[in-house]
Amino acid sequence: MGTKAKYSVQKKDTFEALMSERNIGPFLLDAATPKRLKDTYMDTVDMVIMSNGYYLRRRQKEKGIVYTIRSLGGIRKNGVRHSEEMECLLEQDIPFEKWNDPDMKELLTGIVGKSELVPLFNVSCTRNVRKVVDKESYVAELSLDDVLITVWEKKLEYLEIEVEMLSDGNNKDLEKLTSALTKECDLFPDPSSKFERALQLMEEAEEGPIPEEDMDFYPKPLSVQTLLETHHVERAHARKVTENALRLFDELKEIHGLGEEYRRVIWIAALVHDVGVYTDMADHHKAGRDILMRSPPRELPHRFWPVAVWTTFLHKKKMNREKLEKLQLKPFGKMSAQMQEDTLKLAALIRIADGLDYSRMDSRLNGVIIEEKKTLITVHGPGSYTNAARADEKSDLWRILYDHEITFRAAEQNP
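Residues numbered from 1 in each chain as written. Predicted model: local features only at pLDDT ≥ 70, side-chain atom pairs only at ≥ 80, totals over all residues. Heavy atoms only, no water.

*Asks:* Can you explain the overall build of the protein chain? Please cite residues and give values.
*Replies:* Broken down by element type, the protein chain carries 16 helices and 16 strands. Considered along the principal axes of its C-alpha atoms, the protein chain spans approximately 80 × 55 × 40 Å. Out of the 415 residues in the protein chain, the part that is buried amounts to 53%. Considering only residue pairs separated by 6 or more positions, the protein chain has 68% of its internal contacts joining residues 24 or more positions apart. Computing the positive centroid from 62 side-chain charges and the negative centroid from 71, the protein chain places the two 1 Å apart. (Helix = DSSP H or I, 4+ residues; strand = E, 2+ residues; numbered from the N terminus. Buried < 20%, exposed > 50% of the residue type's maximum accessible area, 1.4 Å probe, protein only. Contact = heavy atoms within 4.5 Å. Lys, Arg positive; Asp, Glu negative; His and termini not counted. Charge placed at Lys NZ, Arg CZ, Asp CG, Glu CD.)

So this is what it looks like as structure tokens:
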């Protein structure tokens, strides 16, 4: 159980003063020790760790890598948070199934299962640590943090001060410290963790006010988590399809030519591609389209809302040129020619990604080999023959869009 108090710093003068003050309240302060922290917060693509009430942080250090899993929420009062945490020190990155901490490994395995861990966002921090001294005992550490959060294309910079109690400190020491920070330094308690700030940044719209006509068409944006929960989406399948879609997006970039901003779009669009299944299994592509027209994913800039709508609509039925022509008679045809083209490219990738999990047996996209006008994708694990065959069927849109052969093979087969 860790005990910390956090304070937001609105004035840089206050921050700089605390860098040089000799004491705070009745306590002395040691000289500041500077550190440079580089953190990456990890989760599954659908953030199942967060959904279970934790976050996972990877911190690069000179002598290795520290993974920390910490509970969200916790007891909060006057900026003080009590939360459970576990740490694992590694010499180098290895899959969490091979970590040398059995308790942490068991907790993560129970939450994540066989799903992949992916980076969500990065946090860099210039931290100056000052030991808080009472007589001859170190009772706490005062960390003065200059923070930069980077999530997708967005950035957030801010200053904060964190008090972490040490083993020689007690509740009375904590009360004296928090009192001094609020009264003497005019700071405001803010128990929000860096993870929570980054999560809020991830969900915030990055553009100006949504045009009135779009608000009529898309009346109530919702977070991806809310969409998945409200519409009872099969999380394991959504997660696997998204992992496959991101891998295909990265590996086939030289062919599809989409910009990096579309990696975020395909991530979100793949997660919600089956949002209509619970409403109407037979026509879930249509039900999903209608759901996303009413409630698009809030994490997407609104200019990409139509992409989620139409990749969902296009992911199910067989595709041919006649069907693509008929799309022009739908609202799809009112989008710009460039947006239509980009949406079809993403839909082609999501269709293949969906086929690669047709068996629901946790097979994996094992490799992508590109040679001139040919691409070979191998599939490994249980259900790989079924998934390779289904992915081949669902490559019909890809074959319409590209003069580039694509084939699939279960990994057990010989070349």
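That shown, we press on.
*Asks:* Please give an account of helix α14 (residues 337–355) that cites residues and values.
*Replies:* In a regular helix each residue adds 1.5 Å, so 19 residues correspond to 27 Å; α14 covers 27 Å between its end C-alpha atoms and thus fits that length. Across the 19 residues that make up α14, a large majority, 16, are buried. (Expected span 1.5 Å × (residues − 1).)

*Asks:* A description of the packing of helix α12 (residues 305–314) against α14 should follow, citing residues and the corresponding values.
*Replies:* For the pair α12 and α14, interaxial distance at closest approach is 9 Å and the crossing angle is 45 degrees. Between α12 and α14, the angle falls in the class oblique. The handedness of the crossing between α12 and α14 is right-handed. Across from Val307, Trp310, Thr311 and Leu314 in α12, the residues of α14 making contact are Met339, Thr343, Leu344, Leu346, Ala347, Ile350 and Arg351. The residue makeup of the contact of α12 with α14, split by class, is eight nonpolar, two polar and one charged. (Axes fitted to C-alpha atoms, helices over the stretch in contact; angles between N-to-C directions. Parallel < 35°, antiparallel > 145°, perpendicular 65-115°, else oblique. Left-handed = near helix turned anticlockwise from the far one by under 90°. Nonpolar A, V, L, I, M, F, W, Y, C, P; charged D, E, K, R; others polar.)

*Asks:* Explain the sheet that holds strand β15 (residues 374–380) to me, using residue names and the numbers behind them.
*Replies:* An order of β14-β15-β16 is seen for the three strands of this open sheet, with the pairing classed as mixed. A strand with exactly one partner marks an edge of an open sheet, and here the two such strands are β14 (364–371) and β16 (405–410). Along the sheet, successive strands turn relative to each other by an average axial angle of 20 degrees, direction set aside. One ladder, built from six bridges, connects β15 with β16; its direction is parallel. Looking at the pairing, isoleucine 377 lines up with phenylalanine 408 of β16. Of the strands in this sheet, β14 and β15 touch helix α8 (residues 235–251), which is tilted by about 20 degrees from β14. (Pairing = 2+ DSSP bridges.)

*Asks:* Talk me through the side chain of serine 115; I want residue IDs and the actual numbers.
*Replies:* For serine 115, the position within the fold is in the loop between α3 (102–112) and β10 (118–134). A polar contact of 3.0 Å, which involves the side chain of serine 115, links it to the side chain of arginine 239. Excluding anything up to four places from it in sequence, serine 115 contacts Thr44, Phe96, Arg239 and Glu243. (Polar contact = N/O pair within 3.5 Å; in protein donor to acceptor, adjacent residues only side chain to side chain.)

*Asks:* Describe the packing of aromatic side chains, and please don't skip the residues or the numbers.
*Replies:* Tallied over the entire structure, the rule returns 12 aromatic pairs. Note on tyrosine 41 and phenylalanine 195: the rings are 5.8 Å apart at their centroids and 45 degrees apart in plane angle, and the pair reads as tilted. Within this pair, whereas tyrosine 41 is found in strand β4 (residues 33–43), its partner phenylalanine 195 is found in helix α5 (residues 194–203), the two being separated by 154 residues in sequence. Their ring planes at 70 degrees and their centres at 6.2 Å tell us that phenylalanine 96 and tryptophan 99 sit as a pair that is edge-to-face. Take phenylalanine 96 and tryptophan 99: they sit in the same class, and that class is buried. Within the aromatic cluster, the residues linked to one another by ring pairs are Tyr41, Tyr55, Phe121 and Phe195. (Phe/Tyr/Trp six-rings, centres within 6.5 Å; stacked < 30°, edge-to-face > 60°.)

*Asks:* Tell me about the environment of leucine 292, residues and numbers included.
*Replies:* Considering the arrangement of structural elements, one finds leucine 292 in helix α11 (residues 284–294). Separated by 30 residues in sequence, leucine 292 and tyrosine 262 have C-alpha atoms that sit 18 Å apart.

*Asks:* Provide a residue-level description of the packing of α8 against α14, including the pertinent values.
*Replies:* Where α8 meets α14, the axes come as close as 8 Å, and the angle between the chain directions of the two elements is 125 degrees. Of the possible angle classes, the one that applies to α8 and α14 is oblique. For the pair α8 and α14, the sense of crossing is right-handed. Contacts between α8 and α14 pair His237, Val241, Asn244, Ala245, Leu248 and Phe249 from the former with Leu346, Leu349, Ile350, Ile352, Ala353 and Asp354 from the latter. Considered class by class, the residues forming the contact of α8 with α14 number nine nonpolar, two polar and one charged.

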